[in-house]
Amino acid sequence: MNIEINPVETVIAAAREFLGDRLSTNTSIREQHAKGEDANQPVLPDAVAFVENTGEVSRLLALCNAHGVAVTPFGAGTSLEGHVVPVRKGISLDLSRMTAILEVNAEDMDCLVEPGVSRHQLNDYLRDQGLFFPVDPGSHCSLGGMVATRASGTNAVRYGTMREATLGLEVVLADGRVIQTGGRTRKAANGYDLTRLFIGSEGTLGVVTKIRLRLQGIPEATTAAVCQFESLQAAVETVIMTMQAGIPVARIELADADQMRASIAYSKLPYEPLPTLFLEFHGSPAGVREQAEAVEAIAIDMGGKGFAWAEDTETRNKLWKARHDAWWAANALYPGCRGITTDVCVPISKLAEAIVSAKEEAVAAGQNTCIVGHVGDGNYHVVILFPEGDPQGLEKAWELDRKIVAKGLSLGGTCSGEHGVGLGKREFLAVEHGEDVLDVMRSLKATLDPKGILNPGKMFPGN
Ligand SMILES: Cc1cc2nc3c(=O)[nH]c(=O)nc-3n(C[C@H](O)[C@H](O)[C@H](O)COP(=O)(O)OP(=O)(O)OC[C@H]3O[C@@H](n4cnc5c(N)ncnc54)[C@H](O)[C@@H]3O)c2cc1C
């Protein structure tokens with residue numbers, strides 16, 4: 001039997017033949033691909049491949065599969081759970097150069113893009129056509145990464161997540177085969193829903209090389225508002241009552257007093273450091289006013305300090321930019337500290353209990369935290385700050401994270417509403433799903449990636 005001496009060297013030499021200097025072993029490039037925006041230990045891949053088309057992805061995967069070399073897909077590297085750390089080294093497959101917008105079908109409100117396109121690039125391209133793409137994570141990520149993590153953002157309460165926004169995919173399988181899933185129709189009852197299987201699979205089942213997305217019409221009228229409260233409980237109760245009343249808010253976001261302190265300092269917001277709701281309403285001018293007045297009445301009943309309206313585009317943009325910068329603001333609050341973040345999502349009726357108890361746990365643990373949340377979906381992030389580079393501080397932060405997740409699960413929630421599993425949430429999957437479900441997931445993985453080359457070490461506990 002021939003035992004290959006160095007399969008990685010063989011793959012690198014063979015891949016250079018069709019990628020040339022886009023197959024890099026340069027140390028600083030490998031360092032840039034050693035982790036994402038998470039607090040995990042970086043691991044350098046053996047090489048980084050900058051692919052430019054589906055054919056190259058297919059050839060590279062076939063090669064890596066033949067030699068049993070690990071491949072970690074890399075979009076923009078903004079994921080928060082260690083998703084892109086190449087724990088078994090091998091090749092980091094960088095898709096950021098695949099940035100073509102291939103089709104826009106304005107009449108059908110769909111488009112076809114390559115995975116390196118960002119939501120900002122797509123929205124700039126669509127603006128003149130009266131269309132927009134609503135899924136808006138607070139990072140400069142790629143649409144491929146968003147598919148792979150089943151991402152969402154502030155608009156999900158109205159327009160859904162990547163699960164609702166994705167109509168179909170082109171996927172390269174571990175052995176290099178290229179498949180098309182889904183299609184352009186709004187519904188289909190034509191077999192297993194493979195599109196949904198790949199959405200949220202975090203690069204462990206295949207590499208996404210084209211994405212067909214559902215678009216939305218730019219609303220006729222848009223109004224934003226800010227409402228502040230004396231207590232976290234009152235702010236969250238306002239959200240629960242708004243959602244239970246069926247008011248179709250486009251955005252309803254929470255920042256606790258500590259997050260407001262951070263955002264006021266970082267984004268120069270003209271508000272007080274109090275629990276705050278940021279809202280947006282979409283529709284006709286009359287409809288928007290009606291929705292806003294209905295929420296205002298609920299907020300005032302709950303002791304809210306009235307609405308500060310933000311009707312002009314400039315004020316609205318500043319507000320949402322500040323919301324999207326919340327993570328950086330929280331990380332800048334205490335010099336020398338950085339954060340890890342929880343991503344618990346609970347049924348809406350349990351939201352107040354979940355968030356209030358998370359803050360109480362943090363105070364009891366003597367831990368600095370900022371809370372932000374896409375609360376209309378029941379999803380909240382507790383950013384737990386610890387001294388950067390201090391392993392004990394990091395472990396203490398993880399202890400609090402575990403308590404907050406455990407409480408969320410006990411309320412019928414999930415450990416991750418949008419960030420995904422990666423390395424950081426693997427330990428919760430068995431508790432949340434049970435071993436039988438994990439076995440089914442593992443057998444899907446074994447079918448699609450029998451040699452386990454795709455983003456190994458992720459998703460499954462003990463893997
Ligand atoms: C400041 C900040 C704010 C954030 N806000 C949000 C938020 O509001 N909502 C939210 O959902 N997330 C948020 N995130 C998390 C992150 O931005 C998302 O998870 C995003 O979808 C990751 O995209 P990416 O392009 O950076 O992917 P990467 O980090 O590069 O990769 C993420 C995962 O996807 C896989 N992958 C990437 N591209 C492909 C592909 N083409 N085919 C197959 N697999 C692939 C990778 O292997 C990896 O497992 C935030 C992060 C930061 C730093």
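Analysis parameters
- Residues numbered from 1 in each chain as written.
- Predicted model: local features only at pLDDT ≥ 70, side-chain atom pairs only at ≥ 80, totals over all residues.
- Heavy atoms only, no water.
- Salt bridge = Lys/Arg side-chain N within 4 Å of Asp/Glu carboxyl O.
- Helix = DSSP H or I, 4+ residues; strand = E, 2+ residues; numbered from the N terminus.
- Buried < 20%, exposed > 50% of the residue type's maximum accessible area, 1.4 Å probe, protein only.
- Near = heavy atom within 4 Å.
- Polar contact = N/O pair within 3.5 Å; in protein donor to acceptor, adjacent residues only side chain to side chain.
- Areas by Shrake-Rupley, 256 points an atom, 1.4 Å probe, with all protein chains shown as cover.
- Nonpolar A, V, L, I, M, F, W, Y, C, P; charged D, E, K, R; others polar.
- Pairing = 2+ DSSP bridges.
- Contact = heavy atoms within 4.5 Å.
- Axes fitted to C-alpha atoms, helices over the stretch in contact; angles between N-to-C directions.
- Domains from an automatic or database assignment.
- Buried area = accessible area lost by both parts, 1.4 Å probe.

Novice: So what's going on with the pattern of salt bridges? Residues and values would help.
Specialist: Applying the stated criterion across every chain yields a total of 28 salt bridges. Among the ionic pairs, Asp110 bridges to Arg212, the shortest N-O distance being 3.2 Å. Highlighted residues: Asp110 in strand β6 (residues 110-113) and Arg212 in strand β10 (residues 207-214), separated in sequence by 102 residues. With respect to burial, Asp110 and Arg212 carry one shared label: buried. Asp449 serves as the salt-bridge partner of Lys445, at 2.7 Å between the closest nitrogen and oxygen.

Novice: Mind laying out the site of the ligand, listing which residues take part and the relevant values?
Specialist: Taken together, the neighbourhood of the ligand is formed by 36 residues, with Pro73, Thr78, Ser79, Ser139 and Ser142 sitting nearest. Between an oxygen atom of the ligand and a side-chain N or O atom of Thr149, the distance comes to 2.9 Å. Measuring from a nitrogen atom of the ligand, one finds a side-chain N or O atom of Glu418 at 3.1 Å. For the ligand, whose unbound accessible area comes to 970 Å², protein coverage reaches 97%. Secondary-structure elements contributing two or more residues to the shell around the ligand are β3 (71-74), α5 (143-149), β10 and α13 (326-332). In terms of residue count, α5 provides more of the shell around the ligand than any other element does, five residues in total. By residue class, the composition of the shell around the ligand is 16 nonpolar, 17 polar and three charged.

Novice: Describe the sheet that holds β3, listing the residues and the values that go with them.
Specialist: Reading across from one edge, β1-β2-β4-β3 is the order of the four strands in this open sheet, with mixed pairing throughout. Edge positions in the sheet fall to β1 (23-24) and β3, since each has one partner strand and no second. Note that β1 and strand β2 (residues 47-50) share two bridges and pair antiparallel. Each bridged residue has a counterpart across the sheet, and for Leu23 the counterpart in β2 is Ala49. Packed on one face of the sheet, helix α3 (residues 54-67) meets β2, β3 and β4 (91-94) and runs near 165° to β4.

Novice: Which residues make up the domain arrangement of the chain, and what values do they have?
Specialist: Under the domain assignment used here, the chain contains domain 1 (7-94), domain 2 (101-217), domain 3 (221-322) and domain 4 (334-447). Taken together, the contacts link eleven residues of domain 1 with 13 residues of domain 4. When domain 1 packs against domain 4, the two sides together hide about 810 Å² of surface, and 56% of this comes from carbon and sulfur. Where domain 1 packs against domain 4, one counts one salt bridge. Taken together, domain 1 and domain 4 are joined by six residue pairs in polar contact (both at pLDDT 80 or more). Tallied by class, residues from the side of domain 1 that touches domain 4 come to four nonpolar, three polar and four charged.

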